[in-house]
Structure formats: C-alpha cells, structure tokens
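Here are the chains, one letter per residue:
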Amino acid sequence: MATYRLLYISIEGNTESFVQKLAAVAESEGDQLSLLALGDEIDPAHEKEPFVALVPTYLNGGTGTGPEVVEIFTNALADYIDFGNNARYLRGVIGSGNRNFNDQYILTAKRYAEKYHVPVIGDYELRGTSREAEKIFARIKETLGE
Ligand SMILES: Cc1cc2nc3c(=O)[nH]c(=O)nc-3n(C[C@H](O)[C@H](O)[C@H](O)COP(=O)(O)O)c2cc1C
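The rules behind each value
Residues numbered from 1 in each chain as written. Predicted model: local features only at pLDDT ≥ 70, side-chain atom pairs only at ≥ 80, totals over all residues. Heavy atoms only, no water. Near = heavy atom within 4 Å. Polar contact = N/O pair within 3.5 Å; in protein donor to acceptor, adjacent residues only side chain to side chain. Areas by Shrake-Rupley, 256 points an atom, 1.4 Å probe, with all protein chains shown as cover. 1 Å grid on protein atoms, 1.4 Å probe; cavity = no way out; pocket = protein on both sides within 12 Å on 5 of 7 lines; lining within 4 Å. Sits in = over half its atoms within 2 Å of the grid points. Core = buried A, V, L, I, M, F, W, Y, C linked by side-chain atoms within 4.5 Å. Buried < 20%, exposed > 50% of the residue type's maximum accessible area, 1.4 Å probe, protein only. Helix = DSSP H or I, 4+ residues; strand = E, 2+ residues; numbered from the N terminus. Contact = heavy atoms within 4.5 Å. Points joined across faces, edges and corners; volume = space filled by probe spheres on them. Nonpolar A, V, L, I, M, F, W, Y, C, P; charged D, E, K, R; others polar.

Asker: Can you explain the site of the ligand? Please cite residues and give values.
Answerer: Neighbouring the ligand are 18 residues; Ser10, Asn14, Thr15, Thr57 and Tyr58 lie closest to it. Here an oxygen atom of the ligand sits 2.5 Å away from a polar atom, N or O, in the side chain of tyrosine 58. Interatomic distance of 3.1 Å between a backbone N/O atom of asparagine 98 and an oxygen atom of the ligand. Contact with the protein chains covers 87% of the free accessible surface of the ligand, which is 650 Å². The pocket occupied by the ligand, as judged from atoms lying within 2 Å of grid points, is the largest pocket.

Asker: I'd like a description of the nonpolar core, backed by residues and values.
Answerer: Residues Leu22, Leu54, Ile94, Phe137 and Ile140 are the most contacted members of the largest nonpolar core, which totals 20 residues. At the level of elements, strand E1 (3–8), helix H1 (14–28), strand E3 (51–56), strand E7 (120–125) and helix H4 (130–144) are the ones that each hand at least two residues to this core. Contact partners of leucine 22, with chain neighbours within four places excluded, come to Leu6, Leu33, Leu54, Ala133, Ile136, Phe137 and Ile140.

Asker: Break down the layout of surface pockets for me, citing the residues and quoting the values.
Answerer: Empty space within the largest pocket amounts to approximately 280 Å³. As for the largest pocket, its lining consists of 18 residues, of which Pro56, Thr57, Tyr58, Gly97 and Asn98 are closest to the centre. At the level of secondary structure, the elements contributing two or more residues to the lining of the largest pocket comprise H1 and strand E6 (90–97). Across the lining of the largest pocket, the residue classes tally to eight nonpolar, nine polar and one charged.

Printed below as a string of structure tokens:
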C-alpha cells in the first residue's frame, strides 16, 4: 500500500469530483491519497514529500495563448507551490478545462509545466470519467513512485 500526495484547487467542484474518482480508484487498488485542497483560507506550509498538482483552467482576456491571457481564481494554488521549497517537490501536473476554449484548453497546467519544469501527466474535461481516473491514477503512481 502506498500513499500519494495530491494538491488541487476547485472553484466550482469539478476538480473535487475528479479527485473523489481518483480516491475511489486508489482505494480499489489498496492505495491512499494524501489530499490538500487549496484556497485563500489555507495557510502556507512546507511540503515534505513529492506531490502532483491538479490544475483547472480559469483565464480571461485574449483569445489565444499570448501573455495577455490572465489567471483568475487559481492563484492560491500557484502561491502555495511557490512558498518556501514546495516547488522542489512538484513532480507533475494534471490539467483540466473545457475543450470549448480551444487553444486555451488546459493552458494553466501547460504554463505550470513550463514554469516548474515538470510534465503534464494527464488531462480531462470538467468532472472527468472513471476511466480517465484509472488512467491518470496509473500516471500518478509512475510519477510519484510505488
Ligand atoms: C471564467 C471561466 C474561465 C475558464 N477558462 C478556461 C480556459 O481558458 N481553458 C479551459 O480549458 N477551461 C476553462 N474554463 C473551464 C474550467 O477550467 C472547467 O470548468 C473546470 O472543470 C473548473 O474546475 P472546478 O469546477 O474544479 O473549479 C473556464 C471556466 C470559467 C468559469
């Protein structure tokens, strides 16, 4: 049995729903998740083990991928990763969004990957499916080690 550390932020509940799907997959495989949901009310703390971040996309302005497209709502997650040495423990990001946004689909996760030099290990739309949770949990295990 292993425990996998996941950090996430969920403004409207979709990411929370997908995290619960991941938790169900983990439990079915005899593993556990160590979860931290970020928000403005969470005090910064020092992470002590490798983690993966689930990053929904909230952008406004612009229609493409230029720098004028600005983050809204999810900055608490980035601030937490930037705190102390936390970024050192980030091993990968999972992007979520809505394909209606075309080129901006999961753009925030892609920006994290570039900024922190880690891979995007999976993506899904909105609440995701159980099948996607199975595939992405397998990637989490590969990324964080058994
Ligand atoms: C104001 C707003 C802006 C959004 N911008 C994007 C975007 O640029 N790209 C994208 O892929 N999804 C975008 N989305 C879709 C969200 O990322 C998607 O609904 C996600 O599942 C929200 O996660 P949450 O319910 O956990 O907060 C946007 C949604 C809203 C409400």
